[in-house]
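Next come the chains, spelled out residue by residue.
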Amino acid sequence: MYARRRHVYFAMMGACLALFVLAWAVVRLWSIPVAVGMCVVAMVIPPLAAIVANRRGPEDRWWDDPSGDRKSDDWWDELDGKKRRPPQ
């Protein structure tokens, strides 16, 4: 799923760049307001692309990964009712 999110991110950023370049290289020759509107749309795309790229999918198992702090991990495991085996 990570590769799919990465591809969507790069597609969105490519569309953003294409909108910006086309707006000021081509469209401005016919209509300045339309070129400005295209830039406004291009301005909105990067935050949306970051949200898409960083969202977690249902298959991402981030909540049960150990944090590295043994005391904290034991505390959370106790709250969740898990029994952790001692390291061997």
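Everything discussed here concerns the structure shown above.
Calculation rules
Residues numbered from 1 in each chain as written. Predicted model: local features only at pLDDT ≥ 70, side-chain atom pairs only at ≥ 80, totals over all residues. Heavy atoms only, no water. Core = buried A, V, L, I, M, F, W, Y, C linked by side-chain atoms within 4.5 Å. Buried < 20%, exposed > 50% of the residue type's maximum accessible area, 1.4 Å probe, protein only. Helix = DSSP H or I, 4+ residues; strand = E, 2+ residues; numbered from the N terminus. Contact = heavy atoms within 4.5 Å. Expected span 1.5 Å × (residues − 1). Polar contact = N/O pair within 3.5 Å; in protein donor to acceptor, adjacent residues only side chain to side chain.

**Student:** Even after reading the chapter, I still don't get the nonpolar core, so can you show me in this structure?
**Tutor:** Side chains of a nonpolar character, in soluble globular proteins, are inclined to be buried together. Core analysis: the largest hydrophobic core is formed by 5 residues, namely Ala-23, Val-27, Ala-35, Met-38 and Cys-39. Residue contributions to this core peak at 3 residues, all from helix H2 (residues 32-54). With residues up to four places along the chain from it excluded, the contact list for Val-27 reads Leu-22, Val-34, Ala-35 and Met-38.

**Student:** Hey, could you run me through the environment of Ile-45 in this one?
**Tutor:** For Ile-45, the location among the structural elements is in helix H2. Look at Ile-45 and you get buried, because its relative accessible area is 14%. Considering only alpha carbons, one finds Ile-45 and Ala-15, 30 residues apart in sequence, at a separation of 8.3 Å. The contacts of Ile-45, once residues within four sequence positions are left out, are Met-12, Cys-16 and Leu-19.

**Student:** Looking at this structure, how should I read the environment of Val-36?
**Tutor:** Structurally, Val-36 can be placed in helix H2. Since its relative accessible area comes to 39%, Val-36 is described here as partly exposed. On a C-alpha basis, the gap between Val-36 and Ala-23 in space is 7.3 Å, while along the polypeptide they are 13 residues apart.

**Student:** Help me understand helix H1 (residues 2-25), please; the structure alone is not making it clear to me.
**Tutor:** Three or four residues apart is the spacing at which side chains of an α-helix point the same way, because the helix has 3.6 residues per turn. Relative to the 34 Å expected for 24 residues at 1.5 Å per residue, H1 spans 34 Å between its end C-alpha atoms, a close match to the ideal helical length. Among the residues making up H1, those that are buried are Arg-5, Cys-16 and Ala-23. Turning to H1, the residues buried within the fold contact H2.

**Student:** Where do I start with H2 in this structure?
**Tutor:** For H2, which comprises 23 residues, the first-to-last C-alpha distance of 34 Å matches the rise-based estimate of 33 Å (1.5 Å per residue) to within 8%. Each element contacted by the buried residues of H2 is listed here: H1. For H2, the N-terminal cap is Ser-31; the gap from its side-chain oxygen to the backbone nitrogen of Val-34 is 3.4 Å.

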